[in-house]
Amino acid sequence: MIHPKLRFGRAPLSRCFCPVVGAVLIALPLSVSHAVDDPYLQMLDEEVTKVEGGSTDTGKEGATARPARTRGVQDAQAVTSRKSFEAMLRQQHVGTYSFYRRLPERSREEVFVDYGNGASMESLRDKVVDRYLHP
Amino acid sequence: MTAEIDATVDCGMGKKMDWLFRGVWIIALVGVFQVCGVHAADKVQVGETTQLIPLVAGKPYLHVVHEGRSVKVQRVQDPDYELKGYFAKTGRKCPPFCIQPVTPDSSVGAIGEVELFDFMENKLRDGSGVLIDARTESWFRKGTIPGSVNYPFTLFGKGRDDPELVAAIKSFGAKERGEVGATEKLLEDWGWADARYKTEDWDFSMAKDLVLWCNGPACGQSPRAIRGLLDVGYPGEKISYYRGGMQMWQLWGLTTVVPRQ
């Protein structure tokens, strides 16, 4: 004998399954083909084949900020960039700059090299204060 | 006696004249050296300025962290350099590659290269900003602007509850609000609580500033991404659109990188 509740439960389940499975079966290929059939995406995929990939990054100068004492165009660039770095500090981080300008040359250079290496302002600020307190 | 005196006078005059001549010679020589010095300095200056093509006046280059390494962003230092290849093309099939308006939405600001340099040096460095390459991955793989991360525009067209979209929004510093209490909602509705950067689902108060870009003025990928972000509720004032994109970036001969991963 089947429990009435079970019988009651089985009937809607079987009724429910058909439309759900049907919907999934219909929706699945639609969702898969959505990306493939999106004409914009398709055109983008075609267009990207025309692009010549490549990098113009030399990859070796990123971490170098040579001392300002020596001569040459690269050093002139470094000096100018250091000047712009100091100008940026002066304008945007006045407190840090007030400590920075009291540092000895080697510490300033160290801070600038760190800046060149992509250190965050927070770590630069810490370094400046550290070098100021522990010269 | 007179003759002696005359001789001494004559001798004194002679010495004075001699010193005068020496003085004239010294002044002349100093003058010549100065002129030469000025010319030499001028030559050096001219030589340096012609060799150096800076990003902007007073800023020859900048550094940006890309995939954990420092990349030097600078312009091609060859004055005869000409752009070739795909990004030198002036025309593409329209639609879909039509010229875009200056901004995809009035709440979003458009920026140029100088503002992007500033963004790279400050907000990107401090972690308060994200530079988004909104192109599909295949484009990203061909080369990107240093410091960019790839969030394809297709991501922002997904449903609001899509886990990938939710993860991306969270990575930009937004917080999910969950259930908002009745009192809090009331206060916000009355304007007593700051709801400027809040939606029903998200709190964008601490959300980062975003700069989105794609292939250039005739590319619709980043405008679509921006519209998707606005639909989610991301505040327009925290979004910027670098309309020049890869095309203008390359036109200025600026550094590009190929992603490693």
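All values derive from a computational prediction rather than experimental measurement.

### Quick word on the overall build of chain B
- When helices and strands are counted, chain B shows seven helices and nine strands.
- Relative to its 261 residues, chain B shows a buried fraction of 31%.

### Digging into the sheet that holds strand β8 (residues 209–213) of chain B
Residues and elements named next belong to chain B.
- Reading across from one edge, β3-β9-β8-β4-β5 is the order of the five strands in this open sheet, with parallel pairing throughout. Here the strands that pair on one side only, and so sit at the sheet edges, are β3 (109–111) and β5 (148–150). The mean inter-strand angle of the sheet, taken between neighbouring strand axes irrespective of direction, is 35 degrees.
- Alignment of strand β4 (residues 129–133) against β8, held across five bridges, turns out to be parallel. Residue pairing in the sheet places Val-130 in a bridge with Leu-210 of β8.
- Packing against the sheet, helix α2 (residues 113–126) makes contact with β3, β4, β8 and β9 (239–242), and its axis sits at approximately 130 degrees to β4.

### Here we look at the packing of helix α5 (residues 105–116) of chain A against helix α6 (residues 121–133) of chain A
Residues and elements named next belong to chain A.
- At a minimum axis separation of 10 Å, α5 and α6 run at an interaxial angle of 170 degrees. Our classification of the angle between α5 and α6 gives roughly antiparallel. For the pair α5 and α6, the crossing hand works out as right-handed. Each of Ser-107, Val-111, Asp-114 and Tyr-115 in α5 lies in contact with α6, whose residues at this interface are Leu-124, Lys-127, Val-128 and Arg-131.
- When its residues are assigned to classes, the contact of α5 with α6 shows four nonpolar, one polar and three charged.

### A few points about the interface of chain A and chain B
- Each side of the interface is counted separately: chain A has 28 residues, and chain B has 33 residues.
- Only α2 (39–48) and α3 (73–92) of chain A provide two or more residues apiece to the side of chain A that touches chain B.
- Looking at which element gives the most residues to the side of chain A that touches chain B, the answer is α3(A), with seven residues.
- Here the residues of the side of chain A that touches chain B sort into ten nonpolar, 13 polar and five charged.

### Some details on the pairing of strand β2 (residues 69–73) of chain B
- Sheet analysis places strand β1 (residues 62–66) of chain B next to β2(B), joined by five bridges and oriented antiparallel. What sits directly across from Leu62(B), in β2(B), is Val73(B).

### Observations regarding unusual backbone geometry
Residue and element names in this part refer to chain B.
- For the bond running from Cys-94 to Pro-95, omega is -10 degrees, close enough to zero to count as cis.
- Summarising the element assignment, Pro-95 is placed in the loop between β2 and β3.
- In the segment running from Pro-95 into Pro-96, the intervening peptide bond is cis, with an omega of 10 degrees.
- One non-glycine residue, Glu-67, lies in the positive phi region at around 50 degrees.
- One can find Glu-67 in the loop between β1 and β2.

### What to know about the pairing of β9(B)
Residue and element names in this part refer to chain B.
- Residues Ile-239 and Tyr-241 line one face of β9 and the alternating positions Ser-240 and Tyr-242 line the opposite face, and both faces are buried.
- Of the pairings in the sheet, the one linking β3 to β9 comprises three bridges and is parallel in character. Counted as the bridge partner of Ala-110 is Tyr-241 from β9.
- Pairing of β8 with β9, which is carried by four bridges, proceeds in the parallel orientation. Bridging from a neighbouring strand, Leu-210 pairs with Ile-239 of β9.
- With respect to chirality, the unit in which β8 leads through helix α6 (residues 221–232) into the neighbouring parallel β9 is right-handed.

### Here's the deal with α6(B)
Residue and element names in this part refer to chain B.
- Between its first and last C-alpha, α6 extends 17 Å over twelve residues, near the 16 Å set by a 1.5 Å rise per residue.
- All of the buried residues along α6 are Gln-221, Ser-222, Pro-223, Arg-224, Ala-225, Ile-226 and Leu-229.
- Those residues of α6 that are buried lie in contact with β8 and β9.
- Of the residues one or two after α6, Gly-233 is the one with positive phi, at around 115 degrees.

### A short note on the environment of Ser128(B)
All names here are of chain B.
- With respect to the secondary-structure elements, Ser-128 resides in the loop between α2 and β4.
- Through-space distance from the C-alpha of Ser-128 to that of Asp-209 is 6.4 Å; in sequence the pair is 81 residues apart.
- Beyond its immediate stretch of four places on either side in the chain, Ser-128 contacts Lys-123, Lys-208 and Asp-209.

### Focus: the confidence of the model for chain B
All names here are of chain B.
- Averaged over chain B, the pLDDT score is 85; the fraction of residues at 70 or greater is 80%.
- The low-confidence segment residues 35–49 (pLDDT under 50) makes two contacts with residues lying over four places distant or belonging to another chain.
- Both scores are given for the predicted complex: the pTM is 0.67, the ipTM 0.71.

### Some thoughts on the nonpolar core
- Residues Ile132(B), Ala134(B), Val211(B) and Leu212(B) are the most contacted members of the largest nonpolar core, which totals 43 residues.
- Dropping the residues within four chain positions of it, Ile132(B) is found in contact with Ser148(B), Val149(B), Tyr151(B), Leu210(B), Val211(B) and Leu212(B).
- Within the second largest apolar cluster, eight residues are counted, among which are Leu89(A), Tyr100(A), Leu124(A) and Val128(A).

### Considering the environment of Ala110(B)
- If you trace the backbone, Ala110(B) turns up in strand β3.
- Linking Ala110(B) and Leu212(B), residues 102 residues apart in sequence, is a C-alpha distance of 9.7 Å.

Quick notes on the rules
- Residues numbered from 1 in each chain as written.
- Chains lettered and ligands numbered in written order.
- Predicted model: local features only at pLDDT ≥ 70, side-chain atom pairs only at ≥ 80, totals over all residues.
- Helix = DSSP H or I, 4+ residues; strand = E, 2+ residues; numbered from the N terminus.
- Buried ≥ 20, exposed ≤ 12 C-beta atoms within 10 Å, placed from the backbone.
- Pairing = 2+ DSSP bridges.
- Axes fitted to C-alpha atoms, helices over the stretch in contact; angles between N-to-C directions.
- Contact = placed C-beta atoms within 7 Å.
- Parallel < 35°, antiparallel > 145°, perpendicular 65-115°, else oblique.
- Left-handed = near helix turned anticlockwise from the far one by under 90°.
- Nonpolar A, V, L, I, M, F, W, Y, C, P; charged D, E, K, R; others polar.
- Right-handed = clockwise from strand over helix to strand, strands pointing away.
- Expected span 1.5 Å × (residues − 1).
- pLDDT = per-residue confidence, 0-100.
- Core = buried A, V, L, I, M, F, W, Y, C linked by C-beta atoms within 7 Å.

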